[in-house]
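# Close look at the chain arrangement
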Amino acid sequence: MAKESPSPSSSSMSSVLRAYAAPIFIFVLAMFFQLFLLPRSFPTSHYDVLGVKTYGSVDDVREAYEAIIASKWNSDSGDARPADFIKIQYAYELLTNPVWKRDYDLYGIDESLHIIEELEKQYAVEDFANIKIPLLEAVSYEPEREGFMAITSQDFASKFQDSKPWLIQLYSSGSNSSAQFSMAWRRIVDLLDGVANHAMVELGDVRLVTYLAEKKTTGQVLFRNGTLSLYSVCQQPRQENEMRERSRSKTNHIRNFHGCTLICKAAGRIVSKSYRFFHVMVPKFLAKVPPNKVRVILFSQTGERATPSVRQAAKDYWNFASLTYVLWREEDASFWWNALEVESAPAMVIMKDPGLKPVVYHGSGNRTWFLDILEQNKQLQLPQLSSTTSMELGCDARGYSRAGFETATWYCSVLVGRQSTELNKLRETMCRVQDALSNHDESDEASKDPSVAPAASAHKNKRLTLAWLDGEVQSKYCFFYVQSETSYDTCGTRKSPIDVPRILIIRYHRNATESANVEKKSSNWPKTVWESEADDVDPAAQLVVSYDGPAETPEIIKWLSKMVEDGDSKNLPFYRAKTPELVPESTEPMRSGVPKSVKATQALLRLWNRIKDYLADPRMGPTLLLGALLSAGSVWWTRSRAIQQPVQTTQQSSTNQSDNNIDDCLQTEEEKKKERKRRNAKGEEAPASITDNEPKDAVQILSSGSDSD
C-alpha cells in the first residue's frame, strides 16, 4: 500500500508556524506577564480595602471606616468574617497615623503587614468581636535623645569636611524596627569610632532620602526590607553603596560590610580572615611574617571578627607589624601560658626580635589604648637598616645624624649577615649591648669606666646607632662595606652552609671646608666623563672597621667605645665614596579589597534583585508585546520577499536568453563583415610595429658623418 504524501496545506501551515515561533513565544510571554506576574506585584492597597481614593486624606479614611463598620458589622448579617474585619481595621490604623501614612504613600513601606496573616490564623474560627484592637502599637523614636546625630538636606553637604567615609541610617520616627535597631546601631557606632563617621536621616526629608536610597527601574525609591537601611557614602572617589539588612542582622554584617572604601580601603584586612589555633599558628603565621616586622597576636574569647578600627590599624602599620587573631580556648590555656605567658583572653602579645621575651597586655581597651601600644612597639628593639629607615637611623652618607644637622661626626654599628641561626644569636647579643648602653648611668661613679663611657655617651646623644642588615637582600650594600676574602660567607646568596655574620662600625664625617675645597678644585677645569663620575660621591666621608673579637656583650661595648674615642680624637682621612642604594625590602603584599567570593555573591544578588525589579515593572508587558509585533512584522517581510524572488528570477532568465540570441545574431553579422574585409585586403601581414617598415615620404635629416654616429 502506497504511503499518502502530506497535503500542501498542512506543510504550508507547519512552515508558517515554524517561521512565526519566536513572535508567538514573545506574545505568550507578554500575556503571561501582564495577566499573572504583574498583578502579584501590585496587590490590593489599603485604600481599596476602605473604598477610598488613593492618597485620600485622614478624614476620608475615618468616614469610610465608620460607614463600613456601621453598615456591615453593626448589623446581624452573618456574612461578616474576621479576616475582612482584620484587613479593614489594619488599613484604618495605618492610614490614620500621620507617620505611617506618609511612609506608605511616599515609599510604599508597610513593615507590619505580616500581622494580618498572623491574626487571620489566630482568629480563624472565632468571632470578630474577640479581636483585640488596636492591632498596631504606635511608637515614637527620636535618635537625638540617645546621642545619635541626625542630619538633613540643608546641612548634608557641610558635614563632609574630612576624608572619612560615612555610614548613614535611614529611619522613620514611627517605625518599630528603627526603635528596636537602636541598640545594634549603638554597637555599630562604637565599632566605627575613628574609622568612619555616622549619621541618621529621617524619611520625612524626601529630598535627601531620594538622593541616598536605591531606585527601581522606573525611578521610584525602593526599600527592599522596610525602613531599616544603611548606606555608606565615600568621598575620594565619591560613591554611594548600600547595605540593607533587617534588624536580625545586628552588628555582625558591619564587620563583613565591603560596600565602600569604609572597609575595602580605610579598614585594611588582617593577615588572616579566620581565627588561628595554636597548632597552625607557628608554621603559618610566625614563619610567614618577614624578619623586619613585629608580630602582634590578639586573643579573643568571643570569636568575633576584627573590628574596623583594628583593620584600619593593620593597614596603617603594615610596614612595621603583622596582626593576627587567635581564638582562646580553655584546653589551650597551659600552652599559651608556657609559650607566651598569656593568662586569659582578651589579650595582646607583641613579639619583636628573636630571643626576646614577648610583651603581653591583658584586657580589652579602647581604640586609643590599642593604637598607643602599636605606636610604642612598632619598631624592633634592634632596628633593621633598610631603604625606608636609613635616613631615620642616621646610617646614610647622604643624610645627617640623629643628633641634628650640626653634628659633624656620628657612628652607625651594623650587624651584617644572612638569615640564619648565627645571625639571630648575634642579634640577641646586640640587643643586650643596646640595653646596656641605654641603661648606663653617667652619674654613678662606678659606671665611669673609660671602656664604656664613650659609647654610652654617643648612644645617649644619638650619635651612635645600632642596627642590623640583611646581607642577602642588600648584597651590593653589604659587599661595599665587607671587602675581604670571606665576604661571601656574609653577603649575597648562600653558596655554602657557612654563615658568618659580622659587626661593623661606620664613621660618618661631614667637613664643610674639605667639601668646599673639593668642589672648588673640580670647578676650575672642565670635567670629563670620568671626572664627573668620580665627583658623584656622597657628601659625608666614611670609614669602616670590622669587629674580630668574641661575641660577648662587654667586649663589644669596649670595642665600640674605642672606635668612638678614636674617631672623635684622631685626625682621620677625609675619604668620600658613592654608597650603593639600599633596595626595597620584599614584604608580604597587603591584601585589601573585597574577596572574589564576596564579589561573586554580591554580583549574583544584584542580578537577582534586578530581575525581580524588571518583573515588577509595568512597562515590561507592553515592551514584550511591541517586541512580538516587530518580530512578526520582520518575519512577514522576509517571507513575502522570499515568495517574490522566484518569479523575478524566472522573468530575468527569459530576458537574458533573448538578449543572448540577439547578441549572437549581431556577432555573426559582424564576423561576416570582418571576414569579407580580410579577403579583399592584400595578403601582406600587418607589421609588428610602426617602426619596422620605412614610410614612403621619410627623409633622413642627419648625414652619415654626423656626431651622432
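Here the residue index of a chain counts from 1 through its sequence in written order. Residue-level local features of this predicted model are given only where pLDDT is at least 70; pairs of side-chain atoms are given and counted only at 80 or more, and the full residue set underlies all totals for whole chains, interfaces and linings. The side-chain numbers reported here are obtained from all heavy atoms of the structure, hydrogens and water having been left aside.

## With respect to the pattern of salt bridges
Whenever Lys or Arg places a side-chain nitrogen within 4 Å of a carboxyl oxygen from Asp or Glu, that contact is recorded as a salt bridge. Counted according to the given criterion, the structure contains 18 salt bridges. Across the pair Glu-375 and Lys-378 runs a salt bridge whose closest N-O atoms are separated by 3.3 Å. Relative accessibility thresholds used throughout: buried, under 20% of the residue-type maximum; exposed, over 50%; partly exposed, between the two (1.4 Å probe, protein chains only). The partly exposed category is assigned to Lys-378, whose relative accessible area is 22%. Among the ionic pairs, Lys-562 bridges to Asp-566, the shortest N-O distance being 2.5 Å. With Lys-562 and Asp-566 both in helix H23 (residues 553-569) and four residues apart, this pair spans about one turn of that helix. The numbering of helices and of strands both runs from the N terminus, where a helix is a DSSP run of H or I of at least 4 residues and a strand a run of E of at least 2.

## Looking at the nonpolar core
Here the nonpolar core consists of buried residues drawn from Ala, Val, Leu, Ile, Met, Phe, Trp, Tyr and Cys, with membership extended through side-chain atoms lying within 4.5 Å. With 42 residues, the main nonpolar core has Val-296, Leu-298, Leu-323, Met-348, Phe-370, Leu-437 and Ile-503 as its most contacted residues. For the domains described, the bounds stem from an automatic or database domain assignment. For this core, the two domains that each supply at least three residues are domain 3 (282-377) and domain 4 (391-519 + 534-569). Every residue pair with non-hydrogen atoms within 4.5 Å of one another is taken to be in contact. In this view, Ile-503 contacts Ser-413, Val-414, Leu-415, Leu-426, Met-430, Val-545, Ser-546, Tyr-547, Ile-556 and Trp-559; residues no more than four positions away in its chain are not counted. Listed in part, the 25 residues of the second largest apolar core include Tyr-90, Tyr-104, Ile-115 and Leu-135.

## Some words on the UniProt feature "transmembrane region" (unreviewed entry) in the protein chain
UniProt positions are given in the numbering used here, feature names are shortened, and annotations may be inferred rather than shown by experiment. Sequence positions flagged by UniProt for "transmembrane region" (unreviewed entry) are, in local numbering, residues 20-38. Taken end to end, residues 20-38 comprises 95% helix and 0% strand; its first and last C-alpha atoms sit 26 Å apart.

## Topic: the environment of Thr-486
For Thr-486, the location among the structural elements is in the loop between helix H20 (475-481) and strand S13 (502-509). Using a relative accessible area of 38% as the deciding quantity, one classes Thr-486 as partly exposed. Through-space distance from the C-alpha of Thr-486 to that of Val-500 is 8.7 Å; in sequence the pair is 14 residues apart. Identification of polar contacts relies on pairs of N or O atoms within 3.5 Å, with a donor-acceptor requirement for protein atoms, meaning one able to donate a hydrogen and the other able to accept it, and with residues adjacent in sequence counted only if both atoms are side-chain atoms. There is a polar contact of 2.3 Å between the side chain of Thr-486 and the side chain of Arg-502.

## Observations concerning the packing of aromatic side chains
What counts as a ring pair is set by centres within 6.5 Å for rings of Phe, Tyr and Trp (its six-membered ring), and what kind of pair is set by the plane angle: stacked under 30 degrees, edge-to-face over 60, tilted for all other angles. Tallied over the entire structure, the rule returns 17 aromatic pairs. Two thresholds decide whether a charge sits over a ring: the Lys NZ or Arg CZ must be within 6 Å of the ring centre and within 35 degrees of the ring normal. We note Arg-427 situated over the ring of Trp-468; from NZ or CZ to the ring centre the distance is 4.2 Å.

## Some words on the sheet that holds strand S9 (residues 347-351)
The strands making up a sheet are joined through hydrogen bonds of the backbone, oriented either antiparallel or parallel. Only strands joined by at least two bridges in the DSSP assignment are considered to pair. Read across the sheet, four strands follow the order S8-S7-S9-S10 without closing on themselves; strand pairing throughout is mixed. The sheet is open, and its two borders are formed by strand S8 (321-327) and strand S10 (359-362), each paired with just one other strand. On average, adjacent strands in this sheet sit at an angle of 15 degrees to one another, irrespective of strand direction. Of the strand pairs in this sheet, strand S7 (residues 294-300) and S9 are connected by five bridges, and their pairing is antiparallel. Residue Ile-297 lies in a different strand from S9, and its bridge partner there is Val-349. Only C-alpha atoms enter the line fits that serve as axes; for helices the fit covers just the stretch in contact. Angles between N-to-C directions range over 0 to 180 degrees.

## Brief notes about the state of the cysteines
When the sulfur atoms of two cysteines come within 2.5 Å, that pair is taken as a disulfide. Under the counting rule described, the total for this entry stands at two disulfides. Note on cysteine connectivity: Cys-395 is disulfide-linked to Cys-412, with sulfurs 1.8 Å apart. Across the S-S bond linking Cys-395 and Cys-412, the dihedral sits near 80 degrees, which makes this disulfide right-handed. Within this pair, whereas Cys-395 is found in the loop between helix H17 (390-393) and strand S11 (409-417), its partner Cys-412 is found in strand S11, the two being separated by 17 residues in sequence. Taken individually, Cys-395 and Cys-412 each receive the classification buried, so the pair is uniform in this respect.

## Quick word on unusual backbone geometry
The amide bond that connects Ile-133 to the next residue, Pro-134, takes the cis arrangement and shows omega of 5 degrees. Considering the arrangement of structural elements, one finds Pro-134 in the loop between helix H7 (114-122) and strand S1 (166-171). Here the residue pair Ala-345 and Pro-346 is connected by a cis peptide bond, since its omega of 5 degrees sits within 30 degrees of zero. Note that Pro-346 resides in the loop between helix H15 (333-340) and S9.

## Some thoughts on H23
An α-helical turn contains 3.6 residues, so any two residues separated by three or four positions project in the same direction. End to end, H23 covers 24 Å across 17 residues, agreeing with the expected 24 Å (1.5 Å per residue, within 8%). Of the surrounding secondary structure, the elements contacted by the buried residues of H23 are S11, helix H18 (421-438), helix H19 (453-460), S13 and strand S14 (541-546). To estimate the expected span of a helix, subtract one from its residue number and multiply by 1.5 Å.

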